[in-house]
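# Commentary on secondary and tertiary structure
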Amino acid sequence: MRYTRVSMGGRAVWGRVEDDAVRLLSDSPLESDPTVIGTVPLAEAVWLPPVVPPVFYAVGMNYRRHIEHARLLGDEAGVTPDRPEPGYRANSALTGHGTAIVKPAGVQGRFEAEPELVAVIGRTLRHASYKEAQDALFGWTIGNDVSARTWQHEDRSFWRSKNSDTFKPMGPWIETDVDALAQTTTLRVNGEVRALFPTGDMVFDPFDYMVEMTKHITLHPGDVLWMGAESTCQIEAGDTVDVEISGIGVLSNPVRAETTHP
């Protein structure tokens, strides 16, 4: 099943993607067993992030190739982790499939995309076993972790380098019936493949993280966990960035420059 959220008359509505249409739902499938209240053709859908998470968790340096690349660049983070440790991102950075990634006027140097698998939590979880973590998963979606690297190295936190408006495209839907860790992740810029790697080739998988996190933190339905990427690539205004994870779908976003006003 594929669940999503679309904008209808300026209001966010949950939907279920079926063939060439989105069946609009009465409520969130995370909270109830909703009924169909309408239909919109797929081609006319205005996509929103498929969930607004109570908490937005993010994983860094979770693929060995990415760690090695960081190490060669002299990045202190280029060390293989010995346990799962997530970070946090801002919901205000989220944007949907088809909307623009806006490159701020003040960004110089490396402005990069990272293609990421996203786990969506489906039930409240605390002190979970690995099997309980698996059972608590609602489904999977796709994220593009956009980063302004100069800001990342200048600032004491990631407050603007990873959390600026539109820096976290997510979508287009949540797929509930796929073995995401057996898939392939592909990043394309203007149709050209810029990264290609096995999605599940992680240091720690999502369930490892959920087990470790729930020793200290309660996970709730709708929480998301972005799982990191093996590769990154430069993007510029005028580009179109596609993140595809086989079995899930394609998240596509144009990039445009910020329009400044006097």
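You'll find the structure just up there.
The present account deals with the structure reproduced in this document.

Reading the values: rules and limits
Chains are numbered independently. Their residues run from 1 in the order of the written sequence. Per-residue local features are limited, in this predicted model, to residues with pLDDT of at least 70; the limit for side-chain atom pairs, both in listing and counting, is 80 or more; totals at the level of whole chains, interfaces and linings are taken over all residues. For side-chain calculations, the full set of non-hydrogen atoms in the structure is used, while hydrogens and water are omitted. Each helix corresponds to a stretch of at least 4 residues labelled H or I by DSSP, and each strand to a stretch of at least 2 residues labelled E; elements are numbered beginning at the N terminus. With the radius of gyration taken over C-alpha atoms, the globule rule is written as 2.2 Å times the number of residues to the power 0.38. Relative accessibility decides the category of a residue: with a 1.4 Å probe and only protein chains considered, values under 20% of the type maximum give buried, values over 50% give exposed, and everything between is partly exposed. Computed with a 1.4 Å probe, the accessible areas rest on the Shrake-Rupley method; for each residue, only the protein chains presented here act as cover. All tallies of charge rest on Lys and Arg as positive and Asp and Glu as negative; His and the ends of each chain are not included. The atom standing in for a charge is NZ when the residue is Lys, CZ when it is Arg, CG when it is Asp and CD when it is Glu. Whenever a nitrogen or oxygen atom comes within 3.5 Å of another N or O atom, the pair is scored as a polar contact, on the condition that within protein one atom can donate a hydrogen and the other can accept it, and that pairs from neighbouring residues in sequence are kept only if both atoms are in side chains. To form a nonpolar core, buried Ala, Val, Leu, Ile, Met, Phe, Trp, Tyr and Cys residues must be joined to one another through side-chain atoms within 4.5 Å. Here a residue-residue contact requires only that any non-hydrogen atoms of the pair lie within 4.5 Å. Planes of paired rings set the category: under 30 degrees apart is stacked, over 60 is edge-to-face and the rest tilted, where pairs are Phe, Tyr or Trp rings (Trp by its six-membered ring) whose centres lie within 6.5 Å. Should DSSP find at least two bridges between two strands, the strands are taken to pair. Working convention: axes come from line fits to C-alpha atoms, limited for helices to the stretch in contact. Angles between N-to-C directions cover 0 to 180 degrees.

Turning our eyes to something else, we now look at the overall build of the chain. When its secondary structure is counted, the chain shows four helices and 20 strands. Here the C-alpha atoms of the chain give a radius of gyration of 18 Å, agreeing with the 18 Å that 2.2 N^0.38 yields for 262 residues. Seen along its three principal axes, the alpha-carbon backbone of the chain occupies a region of about 55 × 50 × 35 Å. Within the chain, the proportion of its 262 residues that are buried is 53%. Taken as a whole, the chain presents about 11,900 Å² of accessible surface, with 48% of it coming from carbon and sulfur. Counting 24 positive and 36 negative side-chain charges, the chain places the centres of these two groups 3 Å from one another.

Next up on the list: the environment of tryptophan 173. In this structure, tryptophan 173 sits in strand β14 (residues 168-175). Along the backbone, tryptophan 173 and serine 252 are 79 residues apart, and their C-alpha atoms lie at a distance of 12 Å. At 2.7 Å, the side chain of tryptophan 173 forms a polar contact with the backbone oxygen of isoleucine 248.

Turning next to the nonpolar core. Within the largest apolar cluster, 49 residues are counted, with the highest numbers of intra-cluster contacts made by Phe111, Leu117, Trp140, Met210, Leu225, Ile235 and Ile248. Looking at which element gives the most residues to this core, the answer is helix α4 (residues 206-213), with four residues. Apart from the residues within four sequence positions on either side, isoleucine 248 is in contact with Arg2, Leu117, Trp140, Thr141, Ile142, Trp173, Glu175, Val178 and Ala180.

Moving on to the packing of aromatic side chains. For the structure on display, the rule yields nine aromatic pairs. When the ring of tyrosine 63 is compared with that of phenylalanine 197, the centres are 5.2 Å apart and the planes differ by 70°; the resulting orientation is edge-to-face. Placement of tyrosine 63 in the loop between β6 (56-58) and α1 (64-72) and of phenylalanine 197 in strand β16 (residues 192-198) is noted, with a sequence separation of 134 residues between them. Ring centres of tryptophan 140 and phenylalanine 207 lie 6.1 Å apart, and the angle between their planes is 80°; this geometry places the pair in the edge-to-face category. Of the two residues, tryptophan 140 is situated in strand β12 (residues 137-144) and phenylalanine 207 in helix α4; the sequence distance between them amounts to 67 residues.

Turning our eyes to something else, we now look at the sheet that holds strand β9 (residues 101-103). Here we have five strands laid out as an open sheet, ordered β9-β20-β19-β15-β16, and mixed in their pairing. Here the strands that pair on one side only, and so sit at the sheet edges, are β9 and β16. Taken pair by pair, the neighbouring strands of this sheet meet at an average axis angle of 20°, ignoring direction.

Here the focus is the pairing of strand β15 (residues 184-189). Sheet topology note: the β15/β16 ladder contains six bridges and is antiparallel. Opposite arginine 188, over in β16, you have valine 193 as the bridge partner. The loop that links β15 with its antiparallel partner β16 comprises two residues; one of these, asparagine 190, has a positive phi angle of about 55°.

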